[in-house]
Amino acid sequence: QVQLVESGGGLVQPGGSLTLSCAASGSNFRVYVMGWYRQAPGKQRELVASITRGSTTNYADSVKGRFTTSRDNAKNTVYLQMNSLKPEDTAVYYCNAAVALLPSTTQNAYWGQGTQVTVSS
């Protein structure tokens, strides 16, 4: 079994920065695409950013130029650097990963528990 553990959320003022981390742990697994989603109250969960093992990235239009995702494959960890935060970025942020339990190559989706990000003065 694989677990995703997030950290780094909190309260920040508009214009501020936060960095989220998400580490996958377990045994005999391989992580493929990793991503960050967010869900604000009363809204659907939406993709914020994703990154492949080769570090090809994809961002939602609403965060382009402000958020940067990166990963460390050796540590099975993905990061989300969030700059110039706005009140509308307030949400619970979830880590997601496509994981294969070796020796299988079948990928299944795993989710973190979520971390609250609040942008407010």
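See the structure shown above.
So, how was this worked out
Residues numbered from 1 in each chain as written. Predicted model: local features only at pLDDT ≥ 70, side-chain atom pairs only at ≥ 80, totals over all residues. Heavy atoms only, no water. Helix = DSSP H or I, 4+ residues; strand = E, 2+ residues; numbered from the N terminus. Buried < 20%, exposed > 50% of the residue type's maximum accessible area, 1.4 Å probe, protein only. Contact = heavy atoms within 4.5 Å. Areas by Shrake-Rupley, 256 points an atom, 1.4 Å probe, with all protein chains shown as cover. Lys, Arg positive; Asp, Glu negative; His and termini not counted. Charge placed at Lys NZ, Arg CZ, Asp CG, Glu CD. Pairing = 2+ DSSP bridges. Axes fitted to C-alpha atoms, helices over the stretch in contact; angles between N-to-C directions. Phe/Tyr/Trp six-rings, centres within 6.5 Å; stacked < 30°, edge-to-face > 60°. Lys NZ or Arg CZ within 6 Å of the ring centre and 35° of its normal. Core = buried A, V, L, I, M, F, W, Y, C linked by side-chain atoms within 4.5 Å.

Enquirer: How do you make sense of the overall build of the chain when you look at a structure like this?
Expert: Each helix and strand counted, the chain has zero helices and eleven strands in total. Tracing the chain from N to C terminus, the helices and strands come up as β-β-β-β-β-β-β-β-β-β-β. With the C-alpha coordinates aligned to their principal axes, the bounding extent of the chain is approximately 50 × 25 × 25 Å. Burial status across the chain gives 40% buried among its 121 residues. Within the chain, counting contacts between residues at least 6 apart in sequence, those at least 24 apart form 54% of the total. Accessible surface, the chain as shown: approximately 6,300 Å² in total, 47% of it carbon and sulfur. Each charge sign in the chain was given a centre, from 10 positive and 6 negative side chains, and these centres are 6 Å apart.

Enquirer: Mind showing me how you'd approach the environment of G16 here?
Expert: Following the sequence through the fold, G16 ends up in the loop between β2 (10–12) and β3 (18–26). C-alpha of G16 to C-alpha of T115: the two residues are 99 residues apart in sequence and 17 Å apart in space. Not counting the four nearest positions on each side in its chain, G16 is found in contact with M82, N83, S84 and L85.

Enquirer: Got a minute to help me understand the sheet that holds strand β8 (residues 77–82) in this structure?
Expert: Adjacent strands of a sheet form backbone hydrogen bonds with each other and so pair up, either parallel or antiparallel. Here we have four strands laid out as an open sheet, ordered β1-β3-β8-β7, and antiparallel in their pairing. Strands at the two margins of the open sheet, each flanked by one partner only, are β1 (2–7) and β7 (67–72). The sheet shows a mean angle of 15° between the axes of neighbouring strands, direction not considered. The pairing of β1 with β3 spans six bridges and is antiparallel. Bridged to L4 within β3 is A24.

Enquirer: Help me out: how do you make sense of the packing of aromatic side chains in this one?
Expert: Any two aromatic rings considered together are summarised by their centre-to-centre distance and by the angle between their planes. All told, the structure shown has one aromatic pair when counted by the stated rule. Lying across the ring of Y94, R45 places its NZ or CZ 3.7 Å from the centre. Taking NZ or CZ as reference, R45 lies 4.7 Å from the ring centre of W111, over its face.

Enquirer: Would you explain the pairing of β3 in this entry?
Expert: Moving residue by residue along a regular strand, the side chains alternate between the two faces of the sheet. Judged from the six bridges that link them, β3 and β8 form a sheet pairing that is antiparallel. Following the sheet pairing, L20 is matched in β8 by L80.

Enquirer: Explanation requested: the nonpolar core in the structure shown.
Expert: One broad trend across soluble globular proteins is that nonpolar side chains are buried collectively. Core analysis: the largest hydrophobic core is formed by 31 residues, its most contacted members being W36, V48, F67, L80, M82 and Y93. Contributions of two or more residues to this core are made by β1, β3, β4 (29–39), β5 (46–51), β8, β9 (91–101) and β11 (115–119). The leading source of residues in this core is β9, at five residues. In this structure F67 touches R38, V48, Y59, L80, Q81, M82, N83, L85, D89 and Y93, once residues within four positions along its chain are discounted.

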